[in-house]
Amino acid sequence: MPKRMNLLARFTGAVILALGFLAPGARIPVFQEDPIAEIGLARAADRISVVTTTQDLASIAMEIGGDRVAVESLTKGYQDPHFVDAKPSYLLKLRKADLFVEVGRDLEVGWVPGLLQSARNKKILPGGPGFVDASEGVTVLEAGGRVGREQGDVHPLGNPHYWLDPANGLIVAANLRDAFGRVRPEEGAYFAERYASFEKRLRAKLEEWKARAAEYGIAGAKAATYHRSWSYFAQAFGIEVVGFVEPRPGVPPPPRHVQDLASRMKSEGARLLIVEPYFDPKLPERIAKSAGAAMVVLPPSVGAVPEARDYLTLFDVQLRLLHDAHHGGRP
């Protein structure tokens, strides 16, 4: 092959090889200055990097932060946030974070402290300017429990599932508004405006949800739950919880407890048994059948089911599922 043709073949092969690395349908890059693209990259790099422990916190952070933040959650809504296997990828996210947001009240005590120490990012350690305990200012339920192995998964700082009362979502939102303002004081007015908009929408939805709970017969209903996740939700919507599948948080129930719970539900007219999606449904199904109740798998967090896209749609989905279970699929 002549030298000129050989060079042409090499050039052609290099182009084909380069194109092979492009995704299908991708455009061939043009090597010239693109001021619009450069502005977009600068804006992306300038956003506050926020890492949250749950998708609920991530959803509220995006509501308040808008296009000034880049938010990632370490867990998915269908996972039990008490027990999370820390991954190396979490460390990479935390090392680059400007803000770290946790549920708090010891919910993540089994996996977050070690991660924060290993990330070597001083600003997101407790006490640092980038550390946010989202529970600050929340009136917690069930605080002061005795701690010990025999007591199960007890949280002495109070029940940490406070986000399931939508009124507490406003407290979380205010904490995030203030945290964003600390990081970017020059943009404080933007975050305050975003908070005001979210507050207005959430308060309107809260009135709608309470009216819906009354219309559905959920307000005033009696129920049992698997874990003590639903205390705040029950208080917000007028549900009376008569017992728990777990005799103590995180402790499997003995046969006598199962029998007693079914009998109590039957005698007190508890027609619902609420279960989180990460628990095995076999035992609660048996209890519900024995008690003449309906078992309902209720998403406890944003992202637990596809319909729960954000913090507001989460409660829409929960109330719909409770209605369907309570009325046996009837309208």
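Everything discussed here concerns the structure shown above.
Quick caveat: nothing in here was measured; it's all calculated off a predicted structure. (Residues numbered from 1 in each chain as written. Predicted model: local features only at pLDDT ≥ 70, side-chain atom pairs only at ≥ 80, totals over all residues. Heavy atoms only, no water.)

S.K.: Report on empty space enclosed by the protein, specifying residues and quantitative values.
M.R.: Unfilled space is identified by rolling a water-sized probe across the atoms. According to the stated counting rule, one finds two cavities of 30 Å³ or more in the structure shown. Size it by volume and the largest cavity reaches roughly 50 Å³. Forming the boundary of the largest cavity are Thr54, Gln55, Asp56, Thr75, Lys76, Gly77, Gln79, Pro81, Trp163 and Ser301. Looking at the lining of the largest cavity, its residues break down into two nonpolar, six polar and two charged. Roughly 30 Å³ of volume is contained in the second largest cavity. (1 Å grid on protein atoms, 1.4 Å probe; cavity = no way out; pocket = protein on both sides within 12 Å on 5 of 7 lines; lining within 4 Å. Points joined across faces, edges and corners; volume = space filled by probe spheres on them. Nonpolar A, V, L, I, M, F, W, Y, C, P; charged D, E, K, R; others polar.)

S.K.: Give a detailed account of the sheet that holds strand E2 (residues 69-73), specifying residues and quantitative values.
M.R.: The strand order across the open sheet formed by four strands is E2-E1-E3-E4, and the pairing between neighbours is parallel. Sheet topology places E2 and strand E4 (131-133) at the edges, where each strand pairs with a single neighbour. Averaged over all neighbouring strand pairs, the angle between strand axes comes to 20°, with direction disregarded. (Pairing = 2+ DSSP bridges. Helix = DSSP H or I, 4+ residues; strand = E, 2+ residues; numbered from the N terminus. Axes fitted to C-alpha atoms, helices over the stretch in contact; angles between N-to-C directions.)

S.K.: Outline the packing of aromatic side chains, listing residues and values.
M.R.: Per the counting criterion, the structure on display carries ten aromatic pairs. Relative to Phe279, the ring of Tyr278 lies with its centre 5.1 Å away and its plane at 65°, an arrangement referred to as edge-to-face. Taking relative accessible area as the criterion, Phe279 reaches 17% and is therefore assigned buried. Seen from the ring of Tyr195, Arg177 lies directly overhead, with NZ or CZ sitting 4.5 Å from the centre. Lying across the ring of Phe237, Lys210 places its NZ or CZ 5.8 Å from the centre. (Phe/Tyr/Trp six-rings, centres within 6.5 Å; stacked < 30°, edge-to-face > 60°. Buried < 20%, exposed > 50% of the residue type's maximum accessible area, 1.4 Å probe, protein only. Lys NZ or Arg CZ within 6 Å of the ring centre and 35° of its normal.)

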